[in-house]
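Summary of structural features
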Amino acid sequence: MAGGLHVQGLQKRFGDVVALRGINLEVPTGELVGFLGPNGAGKTTTMRGILGLVAMDAGSVTWNGSPITIDDRRHVGYMPQERGLYPRMKVHEHIAYIGRLAGLDRSTADQRASYWAERVGLADRVDDLIQELSTGNQQRVQLAVALVHEPNLMILDEPFAGLDPVAVATLTDIMTEQVERGVSVVFSSHQLDLVQDVAEQVTIVAAGETKATGTVTELRNRSPKRLLEIRWAGPEPDWSPPGANREPGRDGVTRFVVAAETDASALIAQAATAGEVAAVSYQPPGLDEVFLELVGA
Amino acid sequence: MTSPVREVAWREIVTRSRTTSFRAITGILVLVAIIVPVALALWPDDEDELRTVTVGLVDVEQATQQVILAFAEGNLDIEFQEYSGSSIEVVSQAVAEGDIDVAIEPGPTIVWNKDIDFEIAVVLNNAFQQQDVLARGRGLGLDEQDIANLFTPLVVEERFVEGTDESDEVASVVALIGLMAAFILPQAFGQLTLLSVVEEKSTRVVEVLLSHLRPRTLLLGKVIGLGVLAVIQLAVVVGGGIAALLLTSTFEIPASVWRFIPILVISVLGGLAIYNTLFALLGSLISRQEDASQVMMPTLVPLIAGYIIGQSAIFGDADTGIAKVLTLFPLTAPMMLPIRVARDAIEWWEVTLSLGLLVLGVLLLIRVAGRVYEFTLLHTGARVGWRELIRMSRGALD
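Now for the overall build of chain B. Regarding its fold elements, chain B presents 15 helices and four strands. Evaluated residue by residue, chain B yields a buried proportion of 44% over its 398 residues. Counting contacts in chain B only where the partners sit at least 6 residues apart, residues at least 24 apart contribute 76% of the total. Working note: accessible area of chain B is about 21,400 Å², and carbon and sulfur atoms make up 61% of it.

Below, the structure is given as structure tokens:
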């Protein structure tokens, strides 16, 4: 079994509600994995299960090939969906405190707290109380808290929610940097365009089950659909490929959804006979459409 | 490496001691502890004031007057009024009308109105006896040194089998202060513990904490931290009071009182441990501060029962059946045990059993609370019911 996090067959029931029916998730060492799913799909419960915050009814969580232990979990950087900070603690104090809880000695925790406060852009706010910060800045503190002990695994639940573009760029840089350092990073997000740009691997879950896993390109290629987009040089002809769905186009572009097994070159040749083609594109659907296909929306 | 329990405890101490309310309350308590002994020292006690007695003198020698004053010193404030040359009727009238308390006529004769005032009588009789012995001594040819030797008083030592009333009073006062500490501190710091748990739940910071700590570690750190803070507050207040007492020297603490101080300290610590744990457990059942008073209500029953029975044990019978039962019950033992020890109304085996049950109760409650914590810390929304609580606790007792 490869290094990193391996989640197999997680199941969890809360009373009559089945939250997880069998979640599988792989986060190899030094990789960035997007964990996607609609609301209520079981992402947060899975993350809490990995951290031992919620006892699972069935399934296993292993780290580097062995069942994950409390000591392994002390090397996890966690950013919960509902931000968790002490409102009346100072920024530096808070980051250092969590560092010490994770096992750092006092002086290292202080040094790292200063470093990460600066990295997330809060160098001039270290002596402010958490409650005096804006929501976005509190989120930066939360990120610093997740990073202060230099974790081996980062679990980030909706880390981009509520961030401005500058903060998103900072977070993306830091995540990429951590991955280059060999850290395994898994994050959930509803911003699929962002996931598509950032993540190497993606796991999509729905209704407590894993629906698909793979690279973004693999998932897109697995789609039974393809998108044919044609920009006409002249007037748009009344033409559609056989069995295709024509979608409303704009700016002189016509968009067709065709089956994946369709012969693309034959289709383009047919289009050229129907009208004068200025540009053509034939590709699998984007991650957002793949996501919708898989979660059944 | 740092100890997570110590880190959690330290954070509780630092953050709570920084709050304005904690500082204000501690300041007020220290002020009261200092002001009371100082005020007692400055405020003259009625018992310290000497009774003024007016003594009428009919041809009494100056030397006798000096001896009377010497015997009265520290007991009576004697004022003399001269009646030399006055008739017996005048002197008698002065005594009868209360112009003077007593008169001395040659003889010597002491003139009272109706009743003898024994305090004055002792002073005057001792003075006359001494003057008479002096005169006889001189008559026998003794020199002044021999006479002085005759009057050198014998030092008589005193021993009390059951202690003096004063040491009983001081023991009762200290026991009462101990009872108040064992009643108030667990409530005050128990509530702080509860609110700290609720704050961590409501702000969701508990999720981050539990990704690094076991629930029981978090619980222990919290209980220890706030317990230490309570002890610091108590030590500052009591220290201030003792310092004020020593400086003003209003009274000394009798040796018998020091005997039960260790039991008092252990009881207060035990009370803090058991109630802080209990309040932490209760805090984990709710998600909003508004529900705190409702969930705390049951803990007031043993606290109030212990306080009421404790008070009656201080001022009345400390050996009743109910006092014995509450001494053994871990939630009331911190209040009852020191009182019964102070009143010397307890057998040694009761002390041992009470302390043993208290320690056992604390350990058991920590185990149960740790177990419940695991289930409830991430619980939000409606309060966890008592039936659900009992179900969760079962695993801890296996």
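With that settled, the discussion passes to the confidence of the model for chain B. The pLDDT averaged across chain B works out to 84; a share of 89% of its residues lies at or above 70. Interface predicted TM-score (ipTM) for the complex: 0.83; the corresponding pTM is 0.74.

Residue and element names in this part refer to chain B. Counted residue by residue, strand β1 (residues 51-57) has five buried out of seven residues, so it is predominantly covered. Pairing of β1 with strand β2 (residues 76-82) involves seven bridges; the strand directions are parallel. Each bridged residue has a counterpart across the sheet, and for L57 the counterpart in β2 is E82. Where β1 and strand β3 (residues 102-105) come together, three bridges link them in parallel fashion. Bridge pairing in β3 places V55 opposite V102.

Here we come to unusual backbone geometry. Negative phi values dominate among residues other than glycine, just as trans dominates among peptide bonds. Going from B:G107 to B:P108, the amide bond is cis rather than trans, its omega being -5°. Summarising the element assignment, B:P108 is placed in the loop between β3 and β4 (109-111). At A:E158, a residue that is not glycine, the phi angle is positive and equals roughly 55°. By the element assignment, A:E158 lies in the loop between β7 (153-157) and α6 (165-180).

All names here are of chain B. Running from N to C, helix α13 (residues 333-342) and helix α14 (residues 348-376) cross one another at 160°; their axes reach a closest spacing of 11 Å. Viewed along their axes, α13 and α14 adopt a mutual orientation that is roughly antiparallel. Between α13 and α14 the crossing geometry is left-handed. Contacts between α13 and α14 involve A333, P334, L337, R340 and V341 from the first element and E350, V351, S354, L355 and L358 from the second. In the contact of α13 with α14, the residues fall into seven nonpolar, one polar and two charged.

What counts, and where the lines are drawn
Residues numbered from 1 in each chain as written. Chains lettered and ligands numbered in written order. Predicted model: local features only at pLDDT ≥ 70, side-chain atom pairs only at ≥ 80, totals over all residues. Heavy atoms only, no water. Helix = DSSP H or I, 4+ residues; strand = E, 2+ residues; numbered from the N terminus. Buried < 20%, exposed > 50% of the residue type's maximum accessible area, 1.4 Å probe, protein only. Contact = heavy atoms within 4.5 Å. Areas by Shrake-Rupley, 256 points an atom, 1.4 Å probe, with all protein chains shown as cover. pLDDT = per-residue confidence, 0-100. Pairing = 2+ DSSP bridges. Axes fitted to C-alpha atoms, helices over the stretch in contact; angles between N-to-C directions. Parallel < 35°, antiparallel > 145°, perpendicular 65-115°, else oblique. Left-handed = near helix turned anticlockwise from the far one by under 90°. Nonpolar A, V, L, I, M, F, W, Y, C, P; charged D, E, K, R; others polar.

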